[in-house]
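Here's the letter readout for the chains.
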Amino acid sequence: MPAALLVWWPLWFLFMGALMSQEELRLTIGPALGLGTGYTVWHLLPDWPTLEPLLTLLLDTPQFFVMFWNSIGQSVAQVAGNLLVGAPAAWAISRLRFRGRSMVRGLYIVLMLLPFQVTMVPSYLVLRQFGLLDTPWAIILPGIFSTFPVFIMELGFDTVPREVLESASIDGANQWQRFWRIGIPLGIPGLISALTLGFLDAWNAIEQPMTFLESPQYWPLSLFFTDPANLDTKQLGLAMAASLWMLLPSILAFRFGQTYLEAGLTKGAVKG
């Protein structure tokens, strides 16, 4: 129970902060930000609830929604690419037997473990060579070929019974038919797990956009608060509302994929 409260407290803090007026925020957390004197306090419920911060965000902050739709486009494109590129790659590593398979799988794992700081310079040079810097493709293409979704999908495909595949092969099904008609339906938990985690990773990405995007017109929502104009301490309610709104797609994605995520990771963990 205490651990659950620690998780939910920041969410409650954001939600209540988005319903407080600027004056109430100045009186409660203002001293911590140098906006007043006295002690910082926080009320479980607003003394004077108001929808002004949310309405200001929704009706009078166009730059927020430009970044919001940039995030939606970039994240959805990466997830779709993960499915189109990653699923066949995961199936090949999981079910095909070819020379160098172990080496390819090991390379995927090594690339998955490398932090962005290690691959940043090579990625920057490649994107510059192809003229993709400061375009949405500088974020989308590296995300499409991410190795982590392939690893999760492979764990899902590993759970497909080999007997079923052998029976389909005896009945005349080729490799593509076995992948499409058997692998995809039975590997749904792994696929949804990978796509859910891929969306969360793409939605919350901040280092890649800061490195590869210069024009604010292409910035995702994760960079909204890197603009000093959006960090004005005189608009604390707006900042709370923006943070809450940014969190909403992540919550919805996790809620949609939670069952598949648990099933996919559990099956992968007991594989073999």
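Residues numbered from 1 in each chain as written. Predicted model: local features only at pLDDT ≥ 70, side-chain atom pairs only at ≥ 80, totals over all residues. Heavy atoms only, no water.

> Looking at this model, I keep getting lost on the overall build of the protein. Mind explaining?
Each helix and strand in the protein was counted, giving 13 helices and zero strands. For the protein, the succession of helices and strands along the chain, N to C, is α-α-α-α-α-α-α-α-α-α-α-α-α. Buried positions account for 38% of the 272 residues belonging to the protein. Considering only contacts in the protein between residues 6 or more positions apart, those separated by 24 or more positions represent 76%. Summed over all atoms, the accessible surface of the protein reaches about 15700 Å², with 68% contributed by carbon and sulfur. (Helix = DSSP H or I, 4+ residues; strand = E, 2+ residues; numbered from the N terminus. Buried < 20%, exposed > 50% of the residue type's maximum accessible area, 1.4 Å probe, protein only. Contact = heavy atoms within 4.5 Å. Areas by Shrake-Rupley, 256 points an atom, 1.4 Å probe, with all protein chains shown as cover.)

> Is there a simple way to think about the packing of helix 4 (residues 62–95) against helix 10 (residues 175–186) in this case?
Axes are the key here: two packed helices are described by the angle between their axes and the distance separating the axes. Direction vectors running N to C along helix 4 and helix 10 enclose 110°, while the axes themselves pass 12 Å from each other. With respect to each other, helix 4 and helix 10 are oriented roughly perpendicular. Counted together, Ala87, Pro88 and Trp91 of helix 4 and Gln175, Arg178, Phe179 and Gly183 of helix 10 form the full contact between these two elements. Tallied by class, residues from the contact of helix 4 with helix 10 come to four nonpolar, two polar and one charged. (Axes fitted to C-alpha atoms, helices over the stretch in contact; angles between N-to-C directions. Parallel < 35°, antiparallel > 145°, perpendicular 65-115°, else oblique. Nonpolar A, V, L, I, M, F, W, Y, C, P; charged D, E, K, R; others polar.)

> Looking at this structure, I do not really get the pattern of salt bridges. What am I missing?
Overall, the coordinates contain one salt bridge when judged by the stated rule. In this structure, the salt-bridge partner of Arg105 is Glu154, at a minimum N-O distance of 2.6 Å. Highlighted residues: Arg105 in helix 5 (residues 101–113) and Glu154 in helix 8 (residues 148–158), separated in sequence by 49 residues. (Salt bridge = Lys/Arg side-chain N within 4 Å of Asp/Glu carboxyl O.)

> Would you mind showing me how to read helix 4 here?
Residue pairs spaced three or four apart in an α-helix point in one direction, given the helix's 3.6 residues per turn. With 34 residues, helix 4 ought to run about 50 Å at 1.5 Å a step, and its terminal C-alpha atoms sit 49 Å apart, in line with that. When the local axis directions of helix 4 are compared, the greatest deviation, roughly 35°, occurs at Gly86, which is followed within four positions by the proline Pro88. (Expected span 1.5 Å × (residues − 1). Bend = angle between axes of the 7 residues up to and from the residue.)

> Any chance you could explain helix 6 (residues 116–129) here in plain terms?
Across its 14 residues, helix 6 extends 19 Å between first and last C-alpha, which sits within 8% of the 20 Å expected from 1.5 Å per residue. Of all the bends in helix 6, the largest measures some 30° and sits at Pro122.

> What should I look at first to understand the packing of aromatic side chains in this one?
Both the distance between ring centres and the angle between the ring planes are used here to describe each pair of aromatic rings. In this structure the tally under the stated criterion is 15 aromatic pairs. Ring geometry for Trp91 against Phe157: centres 5.3 Å apart, planes inclined by 90°, an arrangement best described as edge-to-face. Here Trp91, found in helix 4, pairs with Phe157, found in helix 8; they are 66 residues apart in sequence, far enough to count as distant. You can call Trp91 buried: its relative accessible area is 4%. (Phe/Tyr/Trp six-rings, centres within 6.5 Å; stacked < 30°, edge-to-face > 60°.)

> Is there a simple way to explain the environment of Trp219 in this structure?
With respect to the helices, strands and loops of the structure, Trp219 is situated in the loop between helix 12 (207–212) and helix 13 (236–269). Between the C-alpha atoms of Trp219 and Asn70, which are 149 residues apart in sequence, the distance is 6.6 Å. Residues in contact with Trp219, not counting those within four places in the same chain, are Met67, Asn70, Leu213, Glu214 and Thr226. Side-chain polar atoms of Trp219 contact the backbone oxygen of Ser215, separated by 3.5 Å. (Polar contact = N/O pair within 3.5 Å; in protein donor to acceptor, adjacent residues only side chain to side chain.)

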